[in-house]
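Residue strings, one per chain:
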Amino acid sequence: MNLAVVGIGLIGGSVARALREAGQAERISAYDTDAQQLEQALSLGVIDRVGHSVADAVSDADLVLLAVPVGAVGSVVAALIPALAPGTVVTDVGSTKGSVIESVIAVCGEWPQWFVPGHPIAGGERFGVAASRADLFRGRRVILTPGSAVEESAIERVRSAWQSCGATVVEMEPQHHDEVLAATSHLPHVLAYALVDCLAGMESEREIFAYAAGGFRDFTRIASSSPRMWHDIVRANRAALLPVIDEFSRVLTSLRDAIERDDGEAVLAQFQHARSAREQYLETVERAFKNQ
Ligand SMILES: NC(=O)C1=CN([C@@H]2O[C@H](COP(=O)(O)OP(=O)(O)OC[C@H]3O[C@@H](n4cnc5c(N)ncnc54)[C@H](O)[C@@H]3O)[C@@H](O)[C@H]2O)C=CC1
Ligand SMILES: O=C(O)C(=O)Cc1ccc(O)cc1
């Protein structure tokens, strides 16, 4: 299979490495607006060829992977359409699905038969091709949100590529995807950025970071993620994100009020409820890993 990757960063680079390692990609071309990423990808052996443009990179591809920030998908699709060969399948890895689908439909007029939206639930706070790894998706889930206009053979090509990367593929409605990810991924990133931003404002007076323990490091790891990528995600998924931010604010305020009233029972009940939910989550995750 000939693979073309547009956006050869953490995710694009990791898919390229994984498909190469699995023997599924004979020739890998890439295009990126950042020439340094392309040079690095070439010198690391992640790709075989640098495209001069999106169109040039995708022209002989069987599978095109769009691994750019979600706000850039529409313009990339507009650039690739003139060069798309019959039978080529295009997929993406964007963290939001409704906005990506809308931007593709805005460019194409309707949902094109060749487009299978996807989202790997795996990644990390580091970005750029230097951070990419062949095993990033092993044992992880990938959500596909194909519409009814998409041919089964196109879905199968994308499903099979992800399975070759070691992932389990599930299908979901785009809106459900965006609501679930708003709660489990987008809200935690917003909270981590907000917490570090808030403490950074106090830092100069009180030197607080010097005394931060492991809990602070664990909680805030994801605030090291790409600001540009997360800027795109929260804007693209604001319809699903705002209600969960509001619900979180309500729960935080209720905890704050219980602390103010010195209502030990209410504080303990909230912490116990949260702890047992997390223990249950960990058990489910471990069971899922064992069954793979
Ligand atoms: N980082 C993560 O943990 C995960 C990210 N994603 C999604 O994957 C996508 C890529 O994210 P990462 O690989 O983490 O970011 P990254 O920053 O490592 O890579 C993105 C690459 O896209 C390039 N790019 C930006 N605009 C472009 C354009 N118009 N044309 C061509 N190249 C362009 C950038 O130069 C960069 O090299 C995003 O849509 C993100 O939502 C999905 C799952 C996990
Ligand atoms: O760094 C982490 O732990 C993440 O949560 C990575 C991540 C970021 C964005 C996604 O859409 C999916 C996974």
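Residues numbered from 1 in each chain as written. Chains lettered and ligands numbered in written order. Predicted model: local features only at pLDDT ≥ 70, side-chain atom pairs only at ≥ 80, totals over all residues. Heavy atoms only, no water.

### Observations regarding the overall build of the chain
Secondary structure summary: the chain contains 11 helices and nine strands in total. The C-alpha atoms of the chain give a radius of gyration of 21 Å, which matches the 19 Å a tight globule of 292 residues would have. The principal-axis extents of the C-alpha atoms in the chain amount to approximately 65 × 40 × 40 Å. Per-residue burial over the chain gives 41% buried out of 292 residues. A separation threshold of at least 6 residues defines the contact pool for the chain, and within that pool the share at least 24 residues apart is 74%. When the accessible area of the chain is evaluated, it comes to approximately 15,700 Å², of which 53% is carbon and sulfur surface. Placing the 25 positive and 37 negative side-chain charges of the chain at their respective mean positions leaves the two points 4 Å apart. (Helix = DSSP H or I, 4+ residues; strand = E, 2+ residues; numbered from the N terminus. Rg over C-alpha atoms; globule rule 2.2 N^0.38 Å. Buried < 20%, exposed > 50% of the residue type's maximum accessible area, 1.4 Å probe, protein only. Contact = heavy atoms within 4.5 Å. Areas by Shrake-Rupley, 256 points an atom, 1.4 Å probe, with all protein chains shown as cover. Lys, Arg positive; Asp, Glu negative; His and termini not counted. Charge placed at Lys NZ, Arg CZ, Asp CG, Glu CD.)

### Re the domain arrangement of the chain
Each domain of the chain was delimited in the assignment, giving domain 1 (2-172) and domain 2 (176-261). If you average the C-alpha positions of domain 1 and of domain 2, the two centres end up 29 Å apart. In total, about 1,200 Å² of surface goes out of reach between domain 1 and domain 2, with carbon and sulfur atoms giving 70% of it. Counting the surface domain 1 buries against domain 2, the share from its top three residues, Ser95, Glu125 and Met172, is 40%. For the salt bridge of Glu125 with Arg221, the shortest nitrogen-to-oxygen distance reads 2.5 Å. Taken together, the residues of the side of domain 1 that touches domain 2 break down into seven nonpolar, eight polar and two charged. (Domains from an automatic or database assignment. Buried area = accessible area lost by both parts, 1.4 Å probe. Salt bridge = Lys/Arg side-chain N within 4 Å of Asp/Glu carboxyl O. Nonpolar A, V, L, I, M, F, W, Y, C, P; charged D, E, K, R; others polar.)

### Points about the site of ligand 2
Neighbouring ligand 2 are the residues Ser95, His119, Gly123, Gly124, Glu125, His189, Arg221, Ile222 and Trp230. Measuring from an oxygen atom of ligand 2, one finds a side-chain N or O atom of His119 at 2.6 Å. Between ligand 2 and Arg221, the relevant distance is 2.6 Å, taken from an oxygen atom to a side-chain nitrogen or oxygen of the residue. In isolation ligand 2 offers 340 Å² of accessible surface; the protein chains occlude 81% of this area. In terms of residue class, the shell around ligand 2 is made up of two nonpolar, five polar and two charged. (Near = heavy atom within 4 Å. Polar contact = N/O pair within 3.5 Å; in protein donor to acceptor, adjacent residues only side chain to side chain.)

### Observations regarding the environment of Pro227
Of note, Pro227 is situated in helix α9 (residues 227-236). Residue class for Pro227 comes out exposed when judged on its relative accessible area of 55%.

### Brief notes about the pairing of strand β9 (residues 168-171)
For strand β8 (residues 141-144) and β9, the ladder comprises four bridges, and the chain directions are parallel. Note on β9: the bridge partner recorded for Arg141 is Thr168. Considered for its hand, the β-α-β crossover made up of β8, helix α6 (residues 152-164) and β9 is right-handed. (Pairing = 2+ DSSP bridges. Right-handed = clockwise from strand over helix to strand, strands pointing away.)

### With respect to unusual backbone geometry
Phi angles above zero are rare outside glycine, and Asp262 is one such case at about 55°. Counting through the fold element by element, Asp262 comes out in the loop between α10 (238-260) and α11 (264-290).

### What to know about the packing of α10 against α11
Where α10 contacts α11, the two axes come as close as 8 Å, and the packing angle between them is 145°. For the pair formed by α10 and α11, the contact residues are Val251, Ser254, Leu255, Ala258 and Ile259 on the first element and Ala266, Val267, Gln270 and Phe271 on the second. Split by residue class, the contact of α10 with α11 holds seven nonpolar, two polar and no charged. (Axes fitted to C-alpha atoms, helices over the stretch in contact; angles between N-to-C directions.)

### Brief notes about the pattern of salt bridges
Applying the stated criterion to the full structure yields 15 salt bridges. Through salt bridges with shared partners, one network takes in Glu152, Glu156, Arg159 and Glu171.

### Thoughts on the site of ligand 1
Lining the immediate surroundings of ligand 1 are 27 residues, of which Leu10, Asp32, Val68, Ser95 and Gly128 lie closest. In this structure, Thr33 approaches ligand 1 through a main-chain N or O atom, which is 3.4 Å from a nitrogen atom. Protein coverage of the free-state accessible area of ligand 1, which is 830 Å², stands at 87%. Elements supplying a minimum of two residues to the shell around ligand 1: α1 (10-21), β7 (118-120) and α9.

### Some details on empty space enclosed by the protein
Over the atoms, a rolling probe the size of a water molecule traces out where space has been left empty. Applying the stated criterion across every chain yields a total of one cavity of 30 Å³ or more. The volume enclosed by the largest cavity comes to roughly 50 Å³. The wall of the largest cavity is formed by Leu3, Val15, Leu19, Leu63, Leu65, Thr91, Val158, Ala161, Trp162 and Cys165. Broken down by secondary-structure element, the contributors of at least two residues to the lining of the largest cavity are α1, β4 (63-66) and α6. Considering every element that reaches the lining of the largest cavity, the biggest residue donor is α6, with three residues. Of the residues assigned to the lining of the largest cavity, the class counts are nine nonpolar, one polar and no charged. (1 Å grid on protein atoms, 1.4 Å probe; cavity = no way out; pocket = protein on both sides within 12 Å on 5 of 7 lines; lining within 4 Å. Points joined across faces, edges and corners; volume = space filled by probe spheres on them.)

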